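# A look at the structure
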Amino acid sequence: MFDDIYNQKILELAANIPRLGRLPAPQASASAHSRLCGSSITIDLSLADGRVSDYAQDVKACALGQAASSVMGRHIIGAAPAELRSLREDMRKMLKENGPPPQGRFADAGVLEPARDYKARHASILLVFDAVAEALDKIEQGAPAETRQ
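First, a word on scope: everything that follows refers to the structure included in this document. Model, not experiment: these values are computed from the prediction. (Residues numbered from 1 in each chain as written. Predicted model: local features only at pLDDT ≥ 70, side-chain atom pairs only at ≥ 80, totals over all residues. Heavy atoms only, no water.)

## Here's the deal with helix α5 (residues 122-140)
Heads up, the rule is: Starting at the N terminus, helices and strands are each numbered in turn, a helix being any DSSP run of H or I of at least four residues and a strand any DSSP run of E of at least two. By this rule, a helix spans an expected 1.5 Å times one less than how many residues it contains. Bend is computed residue by residue as the angle between axes fitted to the seven residues ending at the residue and the seven residues starting at it. The buried label applies to any residue whose accessible area, calculated with a 1.4 Å probe on protein chains only, is under 20% of its type's maximum; exposed applies above 50%, and partly exposed to all values in between.
Helix length check: α5, at 19 residues, gives a terminal C-alpha distance of 27 Å against a target of 27 Å (1.5 Å per residue), a fit within 8%. At V128, α5 shows its strongest bend, of approximately 35°. Among the 19 residues of α5, 14 are classified as buried, and the element is accordingly described as predominantly covered. Immediately beyond the C-terminal end of α5, within one or two residues, lies G142, with a positive phi of roughly 70°.

## Focus on the packing of helix α2 (residues 8-15) against helix α3 (residues 63-75)
We apply this condition: For helices, the fitted axis covers only the stretch in contact; all axes are lines through C-alpha atoms, and the angles between them, taken along N-to-C directions, range from 0 to 180 degrees. Small angles under 35 degrees read as roughly parallel and large ones over 145 as roughly antiparallel, with 65 to 115 read as roughly perpendicular and the rest as oblique. By definition, any crossing whose near helix is turned counterclockwise from its far helix by less than a right angle is left-handed, and any crossing with a clockwise turn is right-handed. Contacts were defined at the residue level, with two residues in contact if any of their heavy atoms lie within 4.5 Å. Residues are grouped as follows: nonpolar covers Ala, Val, Leu, Ile, Met, Phe, Trp, Tyr, Cys and Pro; charged covers Asp, Glu, Lys and Arg; every other residue, Gly included, is treated as polar.
Axis separation between α2 and α3 bottoms out at 7 Å; the angle between their running directions is 70°. In terms of orientation, α2 and α3 fall into the roughly perpendicular class. Crossing of α2 over α3 shows left-handed handedness. Every residue of α3 that contacts α2 at I10, L11, L13 and A14 is listed here: A63, L64, Q66, A67, S70, V71 and R74. Grouping the amino acids of the contact of α2 with α3 by side-chain chemistry returns eight nonpolar, two polar and one charged.

## Here we look at α2
Note the threshold: This arc is taken over the directions from the axis of the helix to the C-beta atoms.
Here α2 has its buried residues at I10, L13 and A14. The arc that holds every buried residue of α2, seen down its axis, measures 100°, which confines them to one face. With respect to the buried face of α2, the exposed residues turned more than 90 degrees away are Q8 and A15.

## Quick word on the pairing of strand β1 (residues 28-33)
Condition: A pair of strands is labelled paired if DSSP reports no fewer than 2 bridges between them.
By the bridge criterion, six bridges tie β1 to strand β2 (residues 40-48) in an arrangement that is antiparallel. Bridged to S29 within β2 is D44. Hairpin connection, β1 to β2: the antiparallel pair is bridged by six residues, and G38 has positive phi, about 85°.

## A few points about the nonpolar core
One broad rule of soluble globular proteins: the nonpolar side chains tend to lie buried together. Here is the rule: Here, nonpolar core means buried Ala, Val, Leu, Ile, Met, Phe, Trp, Tyr and Cys residues that are tied together by side-chain atoms lying within 4.5 Å of each other.
One finds M72 and L112 to be the most contacted residues of the largest nonpolar core, which totals 45 residues. If you list the elements that add at least two residues to this core, you get α2, β1, β2, β3 (51-60), α3, α4 (81-96) and α5. Sort the elements by how many residues they give to this core and α5 lands first, with ten residues. With residues up to four places along the chain from it excluded, the contact list for M72 reads Y55, L84, L87, F106, V128, F129 and V132.

## Some words on the sheet that holds β3
Here three strands make up an open sheet; going across it, the order is β1-β2-β3 and the pairing antiparallel. With partners counted over all chains shown, the strands left at the sheet margins are β1 and β3, one partner each. Strand-to-strand twist in this sheet, taken as the mean axis angle between neighbours without regard to direction, amounts to 20°. Each of β1, β2 and β3 is contacted by α5, which is oriented at about 40° to β2, the strand it contacts most.

## Looking at the side chain of S29
Selection rule: Under the rule applied, a polar contact is a pair of N or O atoms within 3.5 Å (in protein, one hydrogen donor and one hydrogen acceptor; residues adjacent in sequence only if both atoms are side-chain atoms).
Residue placement: S29 occurs in strand β1. By relative accessible area, which is 2% here, S29 ends up buried. At 2.4 Å, the side chain of S29 and the side chain of D44 are in polar contact.

Shape descriptors only; they carry no functional weight alone.
The structure is reproduced here in structure tokens:
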């Protein structure tokens, strides 16, 4: 098991997570938590001209959750909300329905495909994708900035 899902690429991603921390004035923040493993993430997100202009993440997760957050942090700037929602669905399908791994700018997330056979690991992997979608929803619903945290 460990050789399959904790391969060198996943460990490299987990050890080098970009965009760690918090933004001073994000348009929205969102948190996600896995009760099963205790992993959690809080993300801050800002959009400009319909694309992600700034992003930060506070990650307290296992190596798989860290690797997923690393992929997100590397490629999210410039992404459109529709692309990020599609990525979330692609990841869910990859893990839970034997779907193909994501393509395009987020193709690196395919490194997490071996975890598909380990259902207890899915929640940690999906945390960052769920949190990003929640923050996008908050922005698009036009919630006042003080309630977006």
